[in-house]
Amino acid sequence: GQLMMLPKDMARARSQDKPDPFPACLAQYEDPTGQLMMLPTDMALVWDGKFKKVVKEYAGDEEVFFKDFAAAFGKLLELGVPFQAHAAA
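First, a word on what this report is: a plain description of the structure on this page.

Calculation notes
- Residue numbers here run from 1 along each chain, matching the order of that chain's written sequence.
- Predicted model: local features are reported for residues with pLDDT of at least 70 only, side-chain atom pairs are reported and counted for 80 or more only, and whole-chain, interface and lining totals are derived from all residues.
- In computing side-chain values, all of the structure's heavy atoms are included and hydrogens and water are not.
- A pair of strands counts as paired when DSSP detects no fewer than two bridges linking them.
- Put simply, DSSP marks the helices as runs of H or I at least four residues long and the strands as runs of E at least two long, and each gets a number from the N terminus on.
- Only protein chains enter the calculation, and the probe is 1.4 Å; a residue is then buried if its accessible area is under 20% of its type maximum, exposed if over 50%, and partly exposed in between.
- Contacts described as polar in this section are N or O atom pairs within 3.5 Å, which, within protein, must combine one atom able to donate a hydrogen with one able to accept it, while residues neighboring in sequence count only if both atoms come from side chains.

**Details of the sheet that holds strand 1 (residues 11–12)**
For sheets, the rule is that strands pair by backbone hydrogen bonds, running either parallel or antiparallel.
Then comes step 1: Ordered in space as 1-2-3, the 3 strands form an open sheet in which the pairing is antiparallel. Edge positions in the sheet fall to strand 1 and strand 3 (37–38), since each has one partner strand and no second.
Then comes step 2: Sheet analysis places strand 2 (residues 29–30) next to strand 3, joined by 2 bridges and oriented antiparallel. Within the sheet, the bridge partner assigned to glutamate 30 lies in strand 3 and is methionine 37.

Here it is as structure tokens:
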């Protein structure tokens, strides 16, 4: 199956009966059906040419995405979170 939909014909969502209450940094984007919503951070992944290449690769092959995700997440788990040792009271 397809991992994600690439945004196509996305437009900034605006209320028809009142002015846009959100500044540009809080904008939402919708497809023409109103069924798909994306944030500016989502859209930035396809607006930027370098990221768009990666998005297309992952959208086209979820095995590559899961392999890369597992490797990155594994690194996070292996590195752990540094905690200070607490002396027993």
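Read on, since the account is not over.
**Re the side chain of aspartate 31**
Then comes step 1: Its place among the elements puts aspartate 31 in the loop between strand 2 and strand 3.
Then comes step 2: Aspartate 31 sits in the buried class, given a relative accessible area of 14%.
Then comes step 3: There is a polar contact of 3.0 Å between the side chain of aspartate 31 and the backbone nitrogen of glycine 34.

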